[in-house]
Structure formats: C-alpha cells, structure tokens
Amino acid sequence: AKAMEMLHRPSLHVIGLWIQGAALELAVGDEDLRKDSSTQLEVLARGLTKTLERFGGLPLGLHLQQDNCVREGKNTHVANFMLAMVLLGIFKWAQLGYLRKGHTHENIDQVKPALKH
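So, here's what we can say about the structure. (Residues numbered from 1 in each chain as written. Predicted model: local features only at pLDDT ≥ 70, side-chain atom pairs only at ≥ 80, totals over all residues. Heavy atoms only, no water.)

**Structural notes on the nonpolar core**
- Counting residues in hydrophobic clusters, the biggest one holds 15 residues, and the most contacted among them are I19, L44 and L48.
- Contributions of two or more residues to this core are made by β1 (13–19), α2 (37–55), β3 (61–66) and α3 (76–87).
- Not counting the four nearest positions on each side in its chain, L44 is found in contact with L17, L64 and F81. (Core = buried A, V, L, I, M, F, W, Y, C linked by side-chain atoms within 4.5 Å. Buried < 20%, exposed > 50% of the residue type's maximum accessible area, 1.4 Å probe, protein only. Helix = DSSP H or I, 4+ residues; strand = E, 2+ residues; numbered from the N terminus. Contact = heavy atoms within 4.5 Å.)

Pasting the structure below:
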C-alpha cells in the first residue's frame, strides 16, 4: 500500500451512455480531456453509430437525458445537434431532459441493464 501511494495516479474523465435496450457505453479519457459538449456529443455519436451498425437502424425518436451542467449538455451546441438530427431525417423527433441538482442517488445513476450480445 505504501508503494502505491508514491505512484502517479492520473484523474480520468468517465462518460456513461446508456441507449436503452441497445448499448451501455463507458468512455474513459485522459485527465486533460475537455469536459464540454463536444466530448458529450462525440460519445453520443459513437453510441448511435454502434447502435445503427448492430441493429441496422435507429428508433423513430431520441430522448437525450443529461446532467444539468451547462458546460456539458445544457447548452445551444447540444440543442443544435438534436435539431440537426431531426432536420436531416435521422430521427422524427428529439427531446432533451435534464436531471435535477443532487440526482446522484436516483435510479438513473444506478442503472444495471441486462444486455445480450
């Protein structure tokens, strides 16, 4: 234990993406990875791409539930991305939902999906 204390332990940035019934993705990045909407949308785009490849299509609509942090998801970049997905015909509808402050102990943070590959 003493030897481990002297080692450099970098902080990691972890993003979880749960596409209900399709995928549970965990993206882990270096400590210098920006915590902003660009990172969030990159993870979302990768998850949707994997879902498309796995199932051969996407659902009619998309409900994106995110943390209530303006830096990461509650901003015009995310809203514009969602709007573009509808205008391009990728989804028929899209909606945004934000978790309330202090949501850490709610069921959304305790998800244990049963996925079959």
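Further notes follow.
**Things to note about the pattern of salt bridges**
- Counting across every chain of the model gives two salt bridges.
- Between K50 and E25 there is a salt bridge, and its shortest N-O distance comes to 3.1 Å. Of the two residues, K50 sits in helix α2 while E25 sits in strand β2 (residues 23–29), which places them 25 residues apart along the sequence.
- Across the pair R46 and E42 runs a salt bridge, and its minimum N-O distance is 2.7 Å. Here the residue R46 and the residue E42 both occupy positions in helix α2, the gap between them amounting to four residues, near one helical turn.
- Given a relative accessible area of 40%, E42 falls into the partly exposed group. (Salt bridge = Lys/Arg side-chain N within 4 Å of Asp/Glu carboxyl O.)

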